[in-house]
Amino acid sequence: MLEPNQAGKIPVVLIHGLFSDPQSGADMINDLRAVPGFLDRHQLWVFRYPTGQGFLQSATILQAELRAVVAALDPEQSDPALRNMVLIGHSMGGLVAKLQITHSEDLIWNKLANRPLETIVTTEEARAFLAENCYFDPSPHVDRVIFIASPHAGSLSSSGLIGRGAAMLVEPSPAQAAMHEQMIRDNPQTFNPLIEARMPTSIDVLSPQSPLLDVMRKMKLKAGIKVHSIIGCSHPLSLDGPSDGVVSVRSASHPGCKSVLAFNATHAHVHRAQQTSEEVVRILNRGYDYHASMKPRPESRARLAIEKSR
């Protein structure tokens, strides 16, 4: 939370992308705070996850933290605002957000292994870890998700993002490395090559051939959930058509969106652009006259909103 919780205000949760942190959302945070009336109805939260951590694990942690914060703030379940959260995810953050609103059923597990989880030879602690990170149900607290340049079908191989990221991988903890070694050793010919070689990281999911992206496209969304897309299209020509230089317009598109905005912006700047802030305000408007109140952003604006609020 950037400020103490205020009952009755809808949380807007910003989720950063790969190789980034919550500071990357400072421009949008400043823009939203400056809109008269916005903070009367909303409060801003951020979620941080490490690049080297497994993508599924990041999504699991977010879901657990959303449950924990709601239980702590509203144990009597008397604040409906905490059941109308808005998640805004840039790039990889959009994929983390998507797992908060989907029914995974057995789709993830069946892509990773060819035997039921209960038959895997491992410890109960490891089995619980696998169950927690391979099975998702929609969060009851999320009402709306805004995807910003999210690679639903992977990133462009020409961007070099996957190659650059390989050098930045964080080593798994000794406990996770030991768990992985034990499962592969004691369950031969069971696991997908994706995890036979190593514990998968967030970088692995960016490949257009990722089995995780394949199953995520097949997952059912939470009934009644509202999703929106904001897409950069700075590069008219790429290996996959128009793109923002990292994610193609095709990959960033998601079926069933209530709205789609595409404009000339690169992947690294689309979430910082004032057009994006204006679109977020429009989406959250719901009948309130926010949009007309937003003024042009000064070029010299300091991007320290998050640091000052810690």
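Report on the accompanying structure. (Residues numbered from 1 in each chain as written. Predicted model: local features only at pLDDT ≥ 70, side-chain atom pairs only at ≥ 80, totals over all residues. Heavy atoms only, no water.)

**Quick notes on the nonpolar core**
Ile15, Phe55 and Ile108 are the most contacted members of the largest nonpolar core, which totals 53 residues. Among the elements that take part in this core, helix H3 (residues 55–73) stands out by supplying seven residues, more than any other. Setting aside residues up to four positions removed in sequence, Phe55 forms contacts with Met92, Leu95, Val96, Leu99, Thr201, Ser202, Val205, Leu212 and Met216. By size, the runner-up hydrophobic cluster in this structure holds 25 residues, among which are Val35, Ile148, Ala273 and Leu284. (Core = buried A, V, L, I, M, F, W, Y, C linked by side-chain atoms within 4.5 Å. Buried < 20%, exposed > 50% of the residue type's maximum accessible area, 1.4 Å probe, protein only. Helix = DSSP H or I, 4+ residues; strand = E, 2+ residues; numbered from the N terminus. Contact = heavy atoms within 4.5 Å.)

**Considering the pattern of salt bridges**
Tallied over the entire structure, the rule returns ten salt bridges. The closest approach of N and O atoms between Asp143 and Lys226, which form a salt bridge, is 3.0 Å. Placement of the pair is Asp143 in strand E5 (residues 142–148) and Lys226 in strand E7 (residues 226–232), with a sequence separation of 83 residues. Between Asp240 and Arg250 there is a salt bridge; the shortest N-O distance is 3.0 Å. Placement of Asp240 in the loop between E7 and helix H11 (249–252) and of Arg250 in helix H11 is noted, with a sequence separation of ten residues between them. Several salt bridges converge on common partners, so that one network encompasses Lys111, Asp214, Arg217 and Lys218. (Salt bridge = Lys/Arg side-chain N within 4 Å of Asp/Glu carboxyl O.)

**Examining helix H6 (residues 124–134)**
Those residues of H6 not exposed but buried are Ala126, Arg127, Phe129, Leu130, Asn133 and Cys134. Viewed end-on, H6 has its buried residues packed into an arc of 160°, placing them on one side of the element. Residues of H6 that are exposed and angled more than 90 degrees away from the buried face: Glu124 and Glu125. Those residues of H6 that are buried are in contact with H3, helix H5 (107–112) and helix H8 (174–186). (Arc of directions from axis to C-beta.)

**A short note on a negative patch on the surface**
A cluster of like negative charges, contributed by Glu105, Asp106, Glu118 and Asp137, occupies part of the molecular surface. Looking at the element boundaries, Asp106 is found in the loop between strand E4 (102–103) and H5. A relative accessible area of 41% places Asp106 in the partly exposed class. (Patch = residues over 30% accessible without salt bridge, like charges linked within 9 Å, V, L, I, M, F, W, Y side chains within 5 Å. Areas by Shrake-Rupley, 256 points an atom, 1.4 Å probe, with all protein chains shown as cover. Lys, Arg positive; Asp, Glu negative; His and termini not counted. Charge placed at Lys NZ, Arg CZ, Asp CG, Glu CD.)

**Topic: the packing of aromatic side chains**
Per the counting criterion, the structure on display carries two aromatic pairs. Between Phe47 and Tyr49, the aromatic rings sit 6.2 Å apart at their centres with planes inclined by 25°, giving stacked as the arrangement. On the basis of relative accessible area, Phe47 is assigned to the buried category, the value being 5%. (Phe/Tyr/Trp six-rings, centres within 6.5 Å; stacked < 30°, edge-to-face > 60°.)

**Focus on unusual backbone geometry**
One non-glycine residue, Gln77, lies in positive phi territory at about 55°. If you trace the backbone, Gln77 turns up in the loop between H3 and strand E3 (85–90). The class of Gln77 is exposed, set by a relative accessible area of 61%. At Ser91, a residue that is not glycine, the phi angle is positive and equals roughly 55°. Considering the arrangement of structural elements, one finds Ser91 in the loop between E3 and helix H4 (92–98). Overall, Ser91 belongs to the buried group, its relative accessible area being 7%.

**A look at the packing of H3 against H6**
For the pair H3 and H6, the least separation of the axes is 8 Å and the interaxial angle reads 80°. In terms of their interaxial angle, H3 and H6 are classed as roughly perpendicular. Across the interface between the two elements, Leu56, Gln57 and Thr60 of H3 pack against Phe129, Glu132 and Asn133 of H6. Each residue belonging to the contact of H3 with H6 can be placed in one class, and the counts come to two nonpolar, three polar and one charged. (Axes fitted to C-alpha atoms, helices over the stretch in contact; angles between N-to-C directions. Parallel < 35°, antiparallel > 145°, perpendicular 65-115°, else oblique. Nonpolar A, V, L, I, M, F, W, Y, C, P; charged D, E, K, R; others polar.)

**Some words on the side chain of Ser24**
By the secondary structure assignment, Ser24 is in the loop between strand E1 (10–15) and helix H1 (26–34). According to the relative accessible area criterion, Ser24 is buried, its value standing at 7%.

**What about the sheet that holds E5?**
Within the open sheet, the six strands sit side by side as E2-E1-E3-E5-E7-E8. Their pairing is parallel. Only two strands of the sheet have a single partner each, and these edge strands are strand E2 (42–47) and strand E8 (259–263). Put simply, the sheet's adjacent strands are angled 15° from each other on average, direction ignored. Where E1 and E2 come together, six bridges link them in parallel fashion. Within E2, the position partnered with Ile10 by the bridge is His42. Packing of H1 onto the sheet brings it into contact with E1, E2, E3 and E5, and relative to E2 it is tilted by some 170°. The strands touched by H3 within the sheet are E1, E2, E3 and E5, with E2 carrying the most contacts at an inclination of about 140°. (Pairing = 2+ DSSP bridges.)

**Points about H1**
Most of H1 sits out of view: seven of its nine residues are buried. Along H1, the positions that sit buried rather than exposed are Ala26, Asp27, Met28, Ile29, Asn30, Asp31 and Leu32.

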